[in-house]
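What follows is each chain in one-letter form.
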Protein chains: 2
Amino acid sequence: MLTYHIDHSSKSPLYEQLYRAIRRDIMTGILSGGERLPAKRPLAAHLHVSQITVETAYGQLAAEGYVRAVPRSGYFVQQVDTLPHPIPPAHHPIPTTSQPSEFVFDFKTNVVDTDCFPFSTWAKLSRAVLTDYDRNLLLETAPQGVFALREQIRRYLYAFRGISVEPEQIIVGAGSEYLVTLLIQLLGRKRTYAIETPGYPKLIQIFQANDAATAPIALDDDGLCFDALCASNASVAYLTPSHHFPLGIVTSAARRMALLRWANEADDRYLIEDDYDSEFRFVSRPIPALKELDHNDRVIYHNTFAKSLAPSLRIGYVALPRNLLPAYQARFGGYASTVPVFEQYTLARFLETGSFERHVNRIRNLYKARLDTLLNALAQSSLTGHYHVSGTEAGLHLLLHMENGMNEQELIASAAANGVRVYGLSSYYVGSSSACPPATVILGYAGIPSAQLTNAVAALAHAWG
Amino acid sequence: MLTYHIDHSSKSPLYEQLYRAIRRDIMTGILSGGERLPAKRPLAAHLHVSQITVETAYGQLAAEGYVRAVPRSGYFVQQVDTLPHPIPPAHHPIPTTSQPSEFVFDFKTNVVDTDCFPFSTWAKLSRAVLTDYDRNLLLETAPQGVFALREQIRRYLYAFRGISVEPEQIIVGAGSEYLVTLLIQLLGRKRTYAIETPGYPKLIQIFQANDAATAPIALDDDGLCFDALCASNASVAYLTPSHHFPLGIVTSAARRMALLRWANEADDRYLIEDDYDSEFRFVSRPIPALKELDHNDRVIYHNTFAKSLAPSLRIGYVALPRNLLPAYQARFGGYASTVPVFEQYTLARFLETGSFERHVNRIRNLYKARLDTLLNALAQSSLTGHYHVSGTEAGLHLLLHMENGMNEQELIASAAANGVRVYGLSSYYVGSSSACPPATVILGYAGIPSAQLTNAVAALAHAWG
């Protein structure tokens, strides 16, 4: 007769203890295939448990296939392979993630100052959405996102970017990485995507993760080198025409027309316009979007709220040309929206009530002030006469070209030794960085308050002086 | 001299009207490349606007590259291609999306009854999270998700599924489609993925959208056909072992061991365990997860909160084996978390306070009652004796095998004619459906309240009687 220690004082139910004990014996081979388990009544008596306990344990074992019930015969152990010999887990330690930063000042580009975000307004709108929508927040929404939000995005695009699209063309999604992946799936992997070099390191990662071929194209003063694009076999170009990242180049009107013409030369050519920081133009009014001039449905517009609101709010969107909508709906129309309904309604109200526009105007001024502080601090430092800057017409970073005899690596190392993190321009190049201007670092200033920028420049002057 | 009508009563700034007018003339070729714009002062006088207005307009045109400023000479029109001839937008009408349903009752499988969701508790926790975390909700979180939520998922997996993983192994993401895409990117497209047939139609869509090769494998009574898996060139198998969708088969203990052994035979083999409705087992206790038996790091566990909470809350997760963590971190460690921080904290509290467990227990009973109502209504209807059911041990759907002489298409059509939508099993097969049992429909009952289920069955009895 099977004998197990059943602990009546345990929190674990008796049947579960019995089930686990028998299961272990089957898995380790102590009970072997074909063996008949004891009848319920004698086993119950033997273990001082109720017959129901044994029955429940046997039922569970049968449900999981460890034993088989044969009517009028009883329960028989099934033939079960024993488990493979485990590799000690120490062989695969959990890798440590990022260490805390050693830097006092970090001029990184992918941050925003969330201290300026009107959180009390956002929280008020959030509470109102909870109250007003109530249980409706639980209902699944349209795959492309909540209509109210898409309508607000449509209005925003029309009023501030001159773009005319319908809410039906807009897809709201959980950030850039998700949306660019979706675009690659929609446009396909059997083509080559032209990407800018230098450019976003993350962008090339996304294309690589999707096994999509890329053709890195350099830039001249007018934007993406047009001859190089034509010479490539790319049929889609991913661009930052309003303000190139990281060089700051604004694609000229002539180049825009040339790019649109290129896209019009074949039915499957598209331009993906990444309008990532169009809200933060400091000189003159915003540069019109390429999409504004797109009368032939060749431009896919892409933007996110990560820079204008907060990175924790994972909301971005694309506006598809009409001619791509049937393919999108056929292939992805069944995908669920990746952004919770609650955030979508809250953001819709934030846009509708004008809070977004007020916030963007406020932080544009704030970042402009930081830029001025940074430029002044540089001009008044001992570095003056030994550098020039570029890319200062729009935010939220500039290029600092040093002429103090140090190369890029020396600039980074000596800044780091003085507690300041700066980023070498060459690391933003895809493939060869031979076209990279020498001794150039990128300074993102959105994450450093004005008061600290002066100290950060002082530290740089000490490092590089 | 350029002459434009400047509307002083318009809401549009004067400089913008002038800028737009000149830009239009450049784009349409009225002003041609090389032409010199009038000097600012005479043009301002001519148009009755201030000199600042002209200067601002010229500055904007220069910023966008429509004109070029030549010091001490003035502004010159740049050579700009005229725009391609637009295709009338009517050629690409916006496709209409889903029409409202014609059905009185819809036995679809991918719904849950959100009426049972404790929304007041959720809203209370949401408000508390807004108050307690305040501005911290704006900070970007770890790419894998908020630690507090991953810790709660770890506890849940340990307590209810017997799975031991560390929070570092868990990746929170915006739903299944996102997470499976991530897994395909992590495991690569240069291999074949075994998938179950029949199975989720969406799953095959995701693999296709990612250009990942699949090997559809049939099931026998023990689960995925083992010989067919071995004969395929698959190195990863995507499975629903606790409760196969849609057949309801529980993978037997012997088959589980065989699958684990298969995965152990090569270093790059993995099993993806989709534990989609393990919370809703009605007979005996939950079937243990394959991951519980995975001592050699071969099982990737995947689940979402779409069925246990609400589909509008786009939160799912995967638990990676430790040996995949270095590759994940190297390639995707820079990706931003796709779920807003706010929802992550709220769900963490929902789990922590026991609300989730109470809710799941409540809806398990509710769905069990619906299942009983459905089975009773069928048994008491005129259909009795002309059908049998299977897959009723777990939720939230069953298979109804009809023996009334109608084939699957006739069953669906006559049900539809009586206002009831049922789903033919054959449509869930990948490739050939020759193995599909005849005249079988899937009834998902989670979305239909008990009171209506009786009426729905009456309508089916009328259709099929």
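Fair warning: this is a prediction, and the values are worked out from it, not measured in the lab.

Would you mind showing me how to read the nonpolar core here?
Nonpolar side chains in soluble globular proteins tend to be buried together. The biggest cluster of nonpolar side chains holds 76 residues, and the ones touching the most others in it are A:Ile153, A:Phe305, A:Leu347, B:Ile153, B:Phe305 and B:Leu347. Among residues more than four places away in sequence, those in contact with A:Ile153 are A:Ile170, A:Val172, A:Phe305, A:Tyr317 and A:Leu351. Residues A:Ile184, A:Tyr238, A:Val430 and B:Val236 belong to the second largest nonpolar core, which totals 60 residues.

Would you explain the state of the cysteines in this entry?
Working definition: the covalent bond between the sulfur atoms of two cysteines is a disulfide. Applying the stated criterion to the full structure yields zero disulfides over all chains. The structure places no disulfide on A:Cys225, whose sulfur is separated from the nearest cysteine sulfur, that of A:Cys230, by 11 Å. Judged by its relative accessible area of 18%, A:Cys225 is buried. The cysteine B:Cys436 is free of any disulfide, with B:Cys225 supplying the nearest cysteine sulfur at 15 Å. Given the relative accessible area of 14%, B:Cys436 is considered buried.

Explain the sheet that holds strand β4 (residues 170-173) of chain B to me, please; I cannot follow it from the model alone.
Strand pairing in a sheet relies on backbone hydrogen bonds. The paired strands run either parallel or antiparallel. All names here are of chain B. Here seven strands make up an open sheet; going across it, the order is β4-β12-β11-β10-β9-β5-β6 and the pairing mixed. The sheet terminates laterally at β4 and β6 (213-217), the two strands that pair on one side only. Strand-to-strand, the axes of this sheet are offset by a mean angle of 20°, without reference to chain direction. The pairing of strand β10 (residues 270-274) with strand β11 (residues 299-304) spans four bridges and is parallel. Its bridge partner being in β11, Glu273 is matched across the sheet by Tyr301.

I tried to follow the environment of B:Asn264 on my own but got confused; where do I start?
All names here are of chain B. With respect to the helices and strands, Asn264 occurs in helix α9 (residues 253-264). For Asn264, a relative accessible area of 26% puts it in the partly exposed group. In this structure, the C-alpha to C-alpha distance between Asn264 and Leu37, residues 227 residues apart in sequence, is 76 Å. Here Leu260 takes part through its backbone oxygen, which lies 2.8 Å from a polar atom of the side chain of Asn264.

Help me understand the relation of the copies chain B and chain A, please; the structure alone is not making it clear to me.
What relates the two chain copies is a rotation about an axis together with a slide along it. Each copy superposes on the other: chain B lies on chain A with an RMSD of 0.1 Å after a rotation of 180° and an axial shift of 0.0 Å. One copy is carried onto the other by what is essentially a two-fold rotation axis. Looking at chain B, 100% of its interface residues are interface residues in chain A too, so the copies touch through the same face.

Just to check I follow, could you spell out the environment of B:Thr121 for this structure?
Residues and elements named next belong to chain B. Along the chain, the position of Thr121 falls in helix α4 (residues 119-133). In the structure, Thr121 is positioned 10 residues away from Thr131 in sequence and 15 Å away in space, judged by C-alpha atoms. For Thr121, the contacting residues outside a window of four places in its chain are Phe350 and Ser355.

Explanation requested: the interface of chain B and chain A in the structure shown.
The figure often quoted for interface size is the accessible area lost as the parts come together. If you look at the interface, chain B gives 100 residues, while chain A gives 100 residues. Across the chain B to chain A interface the summed buried area is about 8700 Å²; carbon plus sulfur atoms make up 57%. Our count for the chain B to chain A interface comes out at eight salt bridges. Of the charged contacts in the structure, one is a salt bridge between A:Arg314 and B:Glu140, with a shortest N-O distance of 3.7 Å. Counting every contact that joins chain B to chain A gives 31 residue pairs in polar contact (both at pLDDT 80 or more). At the level of secondary structure, the elements contributing two or more residues to the side of chain B that touches chain A comprise α1 (14-27), α3 (51-63), α4, α6 (176-187), α7 (201-209), α9, α10 (325-332) and α11 (341-352) of chain B.

Can you help me understand the pattern of salt bridges in this one?
Opposite charge on two side chains permits them to pair, given that their charged atoms come into close proximity. If you walk through the whole model with that rule in mind, you get 36 salt bridges over all chains. For A:Arg189, the salt bridge is made with B:Asp211, and the minimal N-O distance between the two is 3.0 Å. Of this pair, A:Arg189 sits in the loop between α6 (176-187) and β5 (192-196) while B:Asp211 sits in the loop between α7 and β6, which puts the two residues in different chains. With relative accessibility at 11%, the residue A:Arg189 sits in the buried group. The partner of B:Glu55 in a salt bridge is B:Lys40, with the nearest N and O atoms 3.9 Å apart. With a gap of 15 residues between them, B:Glu55 in helix α3 and B:Lys40 in helix α2 (residues 40-47) connect regions that are remote in the sequence. By relative accessible area, which is 37% here, B:Glu55 ends up partly exposed.

Would you mind showing me how to read the sheet that holds strand β9 (residues 234-239) of chain A here?
Residues and elements named next belong to chain A. Strand order in the open sheet made by the seven strands is β4-β12-β11-β10-β9-β5-β6, with mixed pairing throughout. Among the strands making up the open sheet, the edge pair consists of β4 (170-173) and β6 (213-217). In this sheet, adjacent strand axes meet at a mean angle of 20° when their direction is disregarded. When β5 meets β9, the two strands line up parallel, connected through four bridges. Directly across from Ala194, in β9, lies its bridge partner Ala237. The strands that α6 touches are β4, β5, β9, β10 (270-274), β11 (299-304) and β12 (316-319); relative to β11, the one it contacts most, it runs at about 165°.

I'm lost on the packing of aromatic side chains in this one. Help?
The description of an aromatic ring pair uses the distance of the two centres, along with the angle that the planes make with each other. Here the structure, examined in full by the defined rule, presents 38 aromatic pairs over all chains. With a centroid separation of 6.2 Å and an interplanar angle of 35°, the aromatic rings of B:Tyr328 and B:Phe332 are classed as tilted. You can see B:Tyr328 and its partner B:Phe332 sitting in helix α10, four residues apart, about one turn around the helix. For B:Tyr328, a relative accessible area of 3% corresponds to the buried category. By relative accessible area, which is 0% here, B:Phe332 ends up buried. An aromatic cluster is built from A:Tyr156, A:Phe160, A:Tyr301, A:Phe305, A:Tyr317 and A:Phe356, whose rings are joined through pairwise contacts. The positively charged end of B:Arg298 is found above the aromatic ring belonging to B:Tyr270, 4.6 Å away from the centroid.

Help me understand the side chain of A:Ser235, please; the structure alone is not making it clear to me.
Residues and elements named next belong to chain A. Structurally, Ser235 is set in strand β9. Judged by its relative accessible area of 9%, Ser235 is buried. For Ser235, the contacting residues outside a window of four places in its chain are Arg191, Thr192, Trp262, Asp268, Arg269 and Tyr270.

Is there a simple way to think about the side chain of A:Arg189 in this case?
Within the structure, A:Arg189 has its side chain in polar contact with the backbone oxygen of A:Asn210 (distance 2.5 Å). Setting aside its immediate chain neighbours within four residues, A:Arg189 contacts A:Ile184, A:Asn210, A:Asp211, B:Arg189, B:Ala209, B:Asn210 and B:Asp211.

Each value, and the rule that gives it
Residues numbered from 1 in each chain as written. Chains lettered and ligands numbered in written order. Predicted model: local features only at pLDDT ≥ 70, side-chain atom pairs only at ≥ 80, totals over all residues. Heavy atoms only, no water. Core = buried A, V, L, I, M, F, W, Y, C linked by side-chain atoms within 4.5 Å. Buried < 20%, exposed > 50% of the residue type's maximum accessible area, 1.4 Å probe, protein only. Contact = heavy atoms within 4.5 Å. Disulfide = S-S within 2.5 Å. Pairing = 2+ DSSP bridges. Helix = DSSP H or I, 4+ residues; strand = E, 2+ residues; numbered from the N terminus. Axes fitted to C-alpha atoms, helices over the stretch in contact; angles between N-to-C directions. Polar contact = N/O pair within 3.5 Å; in protein donor to acceptor, adjacent residues only side chain to side chain. Least-squares fit on C-alpha atoms with pLDDT ≥ 70 in both. Buried area = accessible area lost by both parts, 1.4 Å probe. Salt bridge = Lys/Arg side-chain N within 4 Å of Asp/Glu carboxyl O. Phe/Tyr/Trp six-rings, centres within 6.5 Å; stacked < 30°, edge-to-face > 60°. Lys NZ or Arg CZ within 6 Å of the ring centre and 35° of its normal.

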